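Residue strings, one per chain:
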Amino acid sequence: MEVTECRASDVEVLERVDSTGPNRWHEHKYQRQVAGLSTYLVAWDGDVPVGHGEIRWDGCASPTVLEAVPDCPELNGLVVYREELRGRGIGTALIQAAMERAAARGCERIGLGVGADNPGAARLYERLGFVPAVEYVDVWSMRDQHGVSHRFEDPGWFLVRELTPPR
Ligand SMILES: CC(C)(COP(=O)(O)OP(=O)(O)OC[C@H]1O[C@@H](n2cnc3c(N)ncnc32)[C@H](O)[C@@H]1OP(=O)(O)O)[C@@H](O)C(=O)NCCC(=O)NCCS
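Residues numbered from 1 in each chain as written. Predicted model: local features only at pLDDT ≥ 70, side-chain atom pairs only at ≥ 80, totals over all residues. Heavy atoms only, no water.

- The name given to the protein chain in an unreviewed UniProt entry is GNAT family N-acetyltransferase, with the source organism recorded as Tenggerimyces flavus.

Shown next, in the form of structure tokens:
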């Protein structure tokens, strides 16, 4: 298993394995990377993508988090696609890759959001040194297959991990 930064040619491969329909999220994340706003990390088992996470260098979209934790990039949308591949270290590898890239850029910390209904993920993050920083509501929307947008509000916590600068 390896973790790479998304390439243009990966976008359709990602859509085939993790279809996002009219949302075209892989394309959007890749375009944010091209614009310098993020780094889109993809985990691979051979030539099959198995998970992803996006480092948003400009931080969390929530004003509550931005105010409480300024200058903190966010690892957003972390996921391992297939249930049977979870619990095998892929998520940990994506988080470590994100922490390394943030430290190499000189960031003093990195954060991520976790839903109040996701204690399994919270346990993993806390084991990797993330600590709760601020409670907030993650507001996001997605389009269904008819193109109709639906808005979601997920209460949870923004967790922060302090980083050691590279020598
Ligand atoms: C959370 C997630 C990214 C972690 O990746 P992973 O490869 O499964 O995790 P690792 O193998 O590196 O670490 C294992 C730990 O992850 C957590 N975990 C494992 N399976 C999980 C699952 N289905 N859902 C949530 N957390 C899970 C547990 O804390 C586990 O540790 P434990 O075995 O001591 O309980 C992945 O399980 C996943 O995609 N879950 C569903 C989507 C999700 O919850 N995303 C996170 C949004 S904040």
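What follows picks up the thread again.
### What about the overall build of the protein chain?
1) Next: On a plain count of helices and strands, the protein chain comes out with five helices and seven strands.
2) Next: When the helices and strands of the protein chain are listed from N to C terminus, the series reads β-α-α-β-β-α-β-α-β-α-β-β.
3) Next: Against the globule reference of 15 Å for 167 residues, the protein chain gives a C-alpha radius of gyration of 15 Å, in line with a compact fold.
4) Next: Taken along its principal axes, the extent of the C-alpha atoms in the protein chain is 40 × 35 × 35 Å.
5) Next: Of all 167 residues assigned to the protein chain, the portion counted as buried reaches 42%.
6) Next: In the protein chain, 59% of the contacts between residues at least 6 apart in sequence involve partners at least 24 apart.
7) Next: Computed over 18 positive and 26 negative side-chain charges, the separation of the two mean positions in the protein chain equals 3 Å. (Helix = DSSP H or I, 4+ residues; strand = E, 2+ residues; numbered from the N terminus. Rg over C-alpha atoms; globule rule 2.2 N^0.38 Å. Buried < 20%, exposed > 50% of the residue type's maximum accessible area, 1.4 Å probe, protein only. Contact = heavy atoms within 4.5 Å. Lys, Arg positive; Asp, Glu negative; His and termini not counted. Charge placed at Lys NZ, Arg CZ, Asp CG, Glu CD.)

### Regarding helix 5 (residues 119-127)
1) Next: Ala121, Ala122, Leu124 and Tyr125 are the residues of helix 5 that are buried. In a view along the axis of helix 5, the buried residues occupy a sector of 160°, so they form one face of it. Residues of helix 5 that are exposed and point more than 90 degrees away from the buried face comprise Pro119, Arg123 and Arg127.
2) Next: The secondary structure elements touched by the buried residues of helix 5 are strand 4 (74-80), helix 4 (90-104), strand 5 (109-115) and strand 7 (149-162).
3) Next: Looking one or two residues beyond helix 5, the residue adopting positive phi is glycine 129, at roughly 100°. (Arc of directions from axis to C-beta.)

### Comments concerning the environment of valine 148
1) Next: Among the structural elements, valine 148 can be located in the loop between strand 6 (131-143) and strand 7.
2) Next: Assessed through its relative accessible area of 43%, valine 148 is described here as partly exposed.
3) Next: For the pair valine 148 and proline 22, spaced 126 residues apart in sequence, the C-alpha to C-alpha distance is 9.4 Å.
4) Next: Excluding anything up to four places from it in sequence, valine 148 contacts Met142 and Arg143.

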